[in-house]
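# Remarks on the overall topology
For reference, the chains in residue letters:
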Amino acid sequence: MAAAGERLGRPAGPGPGCGEEPFGPSVLGTREHWDAAYERELQTFQDIGDVGEIWFGEESMVRIIRWLEKQKIPLDSSLLDIGTGNGVLLVELAKSGYTNLTGIDYSPSAIELSEKIREKEGMSNIKLKVEDFLAPSAELSGFEICIDKGTFDAISLNPDNAAGKRKQYVQSLCSVLKPGGFFLITSCNWTKEELSNEFREGFEILEELPTPKFCFGGRIGNSVTALVFQRKKDSCLYPS
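An unreviewed UniProt entry annotates the protein chain as EEF1A lysine methyltransferase 2 originating from Patagioenas fasciata monilis. Database annotation for the protein chain, UniProt heading Sequence similarities (unreviewed entry): "Belongs to the class I-like SAM-binding methyltransferase superfamily. EFM4 family." According to the UniProt record, the Catalytic activity (unreviewed entry) comment for the protein chain reads "L-lysyl-[protein] + 3 S-adenosyl-L-methionine = N(6),N(6),N(6)-trimethyl-L-lysyl-[protein] + 3 S-adenosyl-L-homocysteine + 3 H(+)".

Dropping the structure here:
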């Protein structure tokens, strides 16, 4: 049994890998799975206008926006949504006044879906592109804020060298995020301590954001971990 404040098992969704037990390789870590999933969501949106799953629920978006507002992050700050999926988080950020928004996803169907939702919401200022974060293009750089809501979780479930892909993720983050920039991550598969270790090269924890707690067997735990990291100005695995 986990100690108080640690994960008490892998909770059931909503998020990639949530509910997976044990934490190991899974189809949820493959591109094929997400291509098929977003093809279905795209068809559903075209049929009935349903935007699809919101990973970790609407409260996760509220939590992120509240933190940005609390920190008085300028509305024109460059912000990257890593693994944007349906792009709903970016839409909510745009509705809150943020103007320099970019979303990437390696699934073409996800980007097609997010483009249609962007068009429906009239948010033409949101930039969307098909891109694999583990192999970022040269122009994907200089961001002041990076947000991950489940993408690192999915990468961690990849059946093909997940450990290597996690290291590549950290290197990619170093390459796209400015020194001193902020990285907000929401995870259901990793504790605060585990994430701190994963991102120890080049990043330091700035804040842990409050998430819902539950009690099991007299112990208290969090079903979701939400952290804010800051990129160190003098250290990173990847050249600035």
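Let's pick the thread back up.
A count of helices and strands for the protein chain gives seven helices and nine strands. Here the protein chain, with 240 residues, has 50% of them falling under the buried criterion. In the protein chain, of all internal contacts separated by at least 6 residues, the share reaching a separation of at least 24 is 74%. Working note: accessible area of the protein chain is about 11000 Å², and carbon and sulfur atoms make up 49% of it.

A few words on the pairing of strand E9 (residues 225-231). In terms of burial, E9 is a largely internal element, seven of the seven residues being buried. What you see with E9 is no split at all: Thr225, Leu227, Phe229 and Arg231 on one side and Ala226, Val228 and Gln230 on the other are buried throughout. As paired strands, strand E5 (residues 177-187) and E9 are joined by six bridges and run antiparallel to one another. Bridge pairing in E9 links Phe182 to Gln230. Where strand E6 (residues 203-208) and E9 come together, five bridges link them in antiparallel fashion. Within E9, the residue paired with Glu204 across the bridge is Gln230.

As a packed pair, helix H2 (residues 58-70) and helix H3 (residues 88-95) sit with axes 10 Å apart at the nearest point and diverge in direction by 40 degrees. Considered as vectors, H2 and H3 are oriented oblique to each other. Where H2 crosses over H3, the two elements pack in a sense that is right-handed. Here Met61, Ile64, Ile65 and Leu68 of H2 lie close against H3, whose contacting residues are Val88, Leu89, Glu92 and Leu93. Among the residues making up the contact of H2 with H3, the classes are represented as seven nonpolar, no polar and one charged.

Attention now moves to H2. Taking 1.5 Å per residue as the helical rise, H2 with its 13 residues ought to reach 18 Å, and the 18 Å between its terminal C-alpha atoms agrees with that figure. Among the residues making up H2, those that are buried are Ser60, Met61, Arg63, Ile64, Ile65, Trp67 and Leu68. At its buried positions, H2 is contacted by strand E1 (79-82), H3, strand E4 (143-149), E5, E6 and E9. The positive-phi residue at the C-terminal boundary of H2 is Lys72, with phi of around 55 degrees.

It is characteristic of soluble globular proteins that their nonpolar side chains tend to be buried jointly. Leu68 and Leu93 are the most contacted members of the largest nonpolar core, which has 37 residues in total. Breaking this core down by element, the ones donating at least two residues are helix H1 (31-48), H2, H3, helix H4 (108-121), E4, E5 and E9. Contact partners of Leu93, with chain neighbours within four places excluded, come to Ile65, Leu68, Leu79, Tyr98, Leu101 and Ile147. With 24 residues, the next largest nonpolar core counts Ile104, Phe133, Val170 and Phe199 among its residues.

If a residue is not glycine, its phi is most likely negative; likewise, a peptide bond is most likely trans. A positive phi angle, close to 55 degrees, is found at Lys72, a residue other than glycine. In this fold, Lys72 is placed in the loop between H2 and E1. A positive phi angle, close to 60 degrees, is found at Asn161, a residue other than glycine.

Turning to the side chain of Ser175, a few remarks are in order. By the secondary structure assignment, Ser175 is in helix H6 (residues 162-176). A polar side-chain atom of Ser175 sits 2.7 Å from the main-chain carbonyl oxygen of Ser172.

Let us now look at the packing of aromatic side chains. All told, the structure shown has eleven aromatic pairs when counted by the stated rule. Aromatic side chains Phe199 and Phe203 sit 6.2 Å apart centroid to centroid with 85 degrees between the ring planes, which places their arrangement in the edge-to-face category. The exposure class assigned to Phe203 is buried, which follows from its relative accessible area of 3%. By way of ring pairs, the aromatic residues Phe133, Phe152, Tyr169, Phe183, Trp190, Phe199, Phe203 and Phe229 are connected into one cluster.

Attention shifts here to the side chain of Asp148. Considering the arrangement of structural elements, one finds Asp148 in strand E4. One buried charged residue, Asp148, remains without a salt bridge, the closest side chain of opposite sign being Lys149 at 8.8 Å. Side-chain polar atoms of Asp148 contact the backbone nitrogen of Thr151, separated by 2.9 Å.

Definitions and limits used
Residues numbered from 1 in each chain as written. Predicted model: local features only at pLDDT ≥ 70, side-chain atom pairs only at ≥ 80, totals over all residues. Heavy atoms only, no water. UniProt positions renumbered as here; feature names shortened; annotations may be inferred. Helix = DSSP H or I, 4+ residues; strand = E, 2+ residues; numbered from the N terminus. Buried < 20%, exposed > 50% of the residue type's maximum accessible area, 1.4 Å probe, protein only. Contact = heavy atoms within 4.5 Å. Areas by Shrake-Rupley, 256 points an atom, 1.4 Å probe, with all protein chains shown as cover. Pairing = 2+ DSSP bridges. Axes fitted to C-alpha atoms, helices over the stretch in contact; angles between N-to-C directions. Parallel < 35°, antiparallel > 145°, perpendicular 65-115°, else oblique. Left-handed = near helix turned anticlockwise from the far one by under 90°. Nonpolar A, V, L, I, M, F, W, Y, C, P; charged D, E, K, R; others polar. Expected span 1.5 Å × (residues − 1). Core = buried A, V, L, I, M, F, W, Y, C linked by side-chain atoms within 4.5 Å. Polar contact = N/O pair within 3.5 Å; in protein donor to acceptor, adjacent residues only side chain to side chain. Phe/Tyr/Trp six-rings, centres within 6.5 Å; stacked < 30°, edge-to-face > 60°. Lys, Arg positive; Asp, Glu negative; His and termini not counted. Salt bridge = Lys/Arg side-chain N within 4 Å of Asp/Glu carboxyl O.

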